[in-house]
Amino acid sequence: MTVSPTPLRFGYGTNGFTNHRLGDVLTVLADLGYDGVALTLDHGHLDPYAPDLPRRVAEIARDLDRHDLDVTLETGAPYLLDPWGKHQPTLMSDAAEHRIDLLRRAVRIAADLGSPTVHLCSGPAPHDGLQAGDAWKRLTAGVETVLETAEEYGVSLAFEPEPYMFVDTVERCLELAELVGGHELFGITLDVGHAHCVEERTVLECVRTAAPRLLNVQIEDMRRGVHQHLEFGAGEIDFPPVLAALRDLGHRGLVSVEIQGGSLDAPDVARRSIEFLRAAAA
């Protein structure tokens, strides 16, 4: 008897709903039929440094349960730690302890919300004369430190290769996995648009390469060489084969739409996105 692959589960990123209260975001996504939410820690929706954080996390956990939404926690807010420096400081910076503290907080919040993963990325390559070998050492040491907290709470780290950052390809992400000893709680977040934007491999090849460590998928349309998150159909990606590959590989994590520029029209962008994905997956 042939067993049908598990259907893909679609989520939507809160960084595409920055003009909404988080409770309203969850209501909209549930009403549209999304399976989950990619929740970015940031000043507006869930500030990891808020004095009333425990109360806020408990409230969000209840809302997620009430709407039957899964969650993955993201730490890609560009100015959360430094109002002047985008994605600063990084794990490679002299002030790496601030990034480590944020990621440890994220792991604890993820555990309280029932998120199996915390998303993170490397940030931009150092511009202070730090050699590549030393940058790798700092990045590895920082990830290993956060993995200690991840072990304590049973939460995986889902590392995302991002265009024009120090770790910008799946191959470099796998290199980092080796540097942290192939840790079982270290995995990959694959962004389909990013793969099309910068990878030498095709998107399908990136899916297959990342598959052994694939935890999360982010998805949007994009054009080659232009890091701009577009609505589906506005870029160059052929999505049905990508979604079929994810399904056939048995991907069980969320496939989350990430269209940060859609906040002014967020409910309609989210509606068009889920309709497109359902059709493409079919």
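Bear in mind that the values here come from a model prediction, so they are computed numbers and not experimental data.

Student: Could you clarify how one ought to interpret the overall build of the chain in this entry?
Tutor: When helices and strands are tallied, the chain shows nine helices and 10 strands. By the compact-globule yardstick of 19 Å for 282 residues, the chain fits well, its C-alpha radius of gyration being 18 Å. For the C-alpha atoms alone, the extent of the chain along its principal axes is close to 50 × 45 × 40 Å. Put simply, the chain shows about 12,600 Å² of open surface, and 49% of that area lies on carbon and sulfur atoms. Between the averaged position of the 24 positive side-chain charges in the chain and that of its 44 negative side-chain charges there is a distance of 2 Å.

Student: Is there a simple way to explain the side chain of H67 in this structure?
Tutor: Locating H67 in the fold gives a position in helix α2 (residues 53-67). A residue is classified by how much of its surface remains accessible, and H67, at 17% relative accessible area, is buried. Each residue touching H67, except ones within four places of it in the same chain, is listed here: L26, T27 and A30.

Student: Help me out: how do you make sense of the layout of surface pockets in this one?
Tutor: Over the atoms, a rolled probe matching the size of one water molecule traces out where space is still vacant. Of the volumes computed, that of the largest pocket is approximately 600 Å³. The element that contributes the greatest number of residues to the lining of the largest pocket is strand β9 (residues 226-230), accounting for three residues. Among the residues forming the lining of the largest pocket, the class breakdown is seven nonpolar, 16 polar and six charged. Empty space within the second largest pocket amounts to approximately 170 Å³.

Student: Where do I start with the environment of L29 in this structure?
Tutor: With respect to the secondary-structure elements, L29 resides in helix α1 (residues 22-32). Given a relative accessible area of 0%, L29 falls into the buried group. When the C-alpha atoms of L29 and A270 are compared, they prove to be 7.6 Å apart, with 241 residues separating the residues in sequence. Setting aside residues up to four positions removed in sequence, L29 forms contacts with Y12, F17, Y34, G36, V37 and A270.

Student: Can you walk me through the packing of α1 against α2 in this structure?
Tutor: Geometry of a packed helix pair, given as the angle between the helix axes and the separation of the axes. Contact geometry for α1 and α2: axes closest at 10 Å, N-to-C directions at 15 degrees. In terms of their interaxial angle, α1 and α2 are classed as roughly parallel. Where α1 crosses over α2, the handedness of that crossing is right-handed. Seen from α1, the contacting residues are L22, G23, L26, T27 and A30; seen from α2, they are R56, I60, D63, L64 and H67.

Student: Which parts of the structure should I look at to understand the nonpolar core?
Tutor: Here is a general trend for soluble globular proteins: nonpolar side chains tend to be buried in one another's company. The biggest cluster of nonpolar side chains holds 79 residues, and the ones touching the most others in it are L113, L139 and V143. In contact with L113, other than residues within four places in its own chain, are L39, L46, V57, I60, A61, L64, V71 and L73.

Student: Looking at this structure, I do not really get the sheet that holds strand β5 (residues 156-159). What am I missing?
Tutor: Note on sheets: strands pair through backbone hydrogen bonds, and any given pair is parallel or antiparallel. Strands sit in the order β1-β2-β3-β4-β5-β6-β7-β10 around a closed barrel of eight strands; the barrel is parallel. When the angles between neighbouring strand axes are averaged without regard to direction, this sheet yields 30 degrees. Strand direction decides the pairing type here: strand β2 (residues 36-40) and strand β3 (residues 70-74), joined by five bridges, are parallel. Among the inter-strand pairings, G36 is bridged to a residue of β3, identified as D70.

Student: What is the right way to look at the environment of G133 in this model?
Tutor: If you trace the backbone, G133 turns up in helix α4 (residues 132-153). Under the relative-accessibility criterion, G133 is labelled partly exposed at 42%. Between the C-alpha atom of G133 and that of L174, which follows or precedes it by 41 residues, the distance is 16 Å.

Student: I would appreciate a short explanation of α4 in the present structure.
Tutor: Given 3.6 residues per turn, any residue in an α-helix points the same way as the ones three and four places further on. For α4, with 22 residues, the first-to-last C-alpha span of 32 Å sits near the 32 Å given by 1.5 Å per residue. Where α4 is concerned, the buried positions are A135, W136, L139, T140, G142, V143, V146, L147, T149 and A150. After α4 finishes, the residue G154 shows a positive phi value of roughly 70 degrees.

Student: When you look at the packing of helix α3 (residues 96-113) against α4 in this model, what are you seeing that I'm missing?
Tutor: At a minimum axis separation of 9 Å, α3 and α4 run at an interaxial angle of 20 degrees. One element, α3, and the other, α4, form an angle in the roughly parallel class. Taken as a pair, α3 and α4 cross one another with a handedness that is right-handed. For the pair α3 and α4, the contacting residues are I100, L103, R104, V107, R108 and A111 in the first and G142, T145, V146, E148, T149, A150 and Y153 in the second.

Student: Could you clarify how one ought to interpret empty space enclosed by the protein in this entry?
Tutor: Scanning the model with the defined rule gives one cavity of 30 Å³ or more in all. Taken as a whole, the largest cavity spans an internal volume of roughly 100 Å³. Taken together, T75, H87, P89, T90, L91, R99, L103, L120, C121, S122 and G123 make up the lining of the largest cavity. Partitioning the lining of the largest cavity into residue classes produces five nonpolar, five polar and one charged.

Quick notes on the rules
Residues numbered from 1 in each chain as written. Predicted model: local features only at pLDDT ≥ 70, side-chain atom pairs only at ≥ 80, totals over all residues. Heavy atoms only, no water. Helix = DSSP H or I, 4+ residues; strand = E, 2+ residues; numbered from the N terminus. Rg over C-alpha atoms; globule rule 2.2 N^0.38 Å. Areas by Shrake-Rupley, 256 points an atom, 1.4 Å probe, with all protein chains shown as cover. Lys, Arg positive; Asp, Glu negative; His and termini not counted. Charge placed at Lys NZ, Arg CZ, Asp CG, Glu CD. Buried < 20%, exposed > 50% of the residue type's maximum accessible area, 1.4 Å probe, protein only. Contact = heavy atoms within 4.5 Å. 1 Å grid on protein atoms, 1.4 Å probe; cavity = no way out; pocket = protein on both sides within 12 Å on 5 of 7 lines; lining within 4 Å. Points joined across faces, edges and corners; volume = space filled by probe spheres on them. Nonpolar A, V, L, I, M, F, W, Y, C, P; charged D, E, K, R; others polar. Axes fitted to C-alpha atoms, helices over the stretch in contact; angles between N-to-C directions. Parallel < 35°, antiparallel > 145°, perpendicular 65-115°, else oblique. Left-handed = near helix turned anticlockwise from the far one by under 90°. Core = buried A, V, L, I, M, F, W, Y, C linked by side-chain atoms within 4.5 Å. Pairing = 2+ DSSP bridges. Expected span 1.5 Å × (residues − 1).

Geometry only, nothing functional implied.
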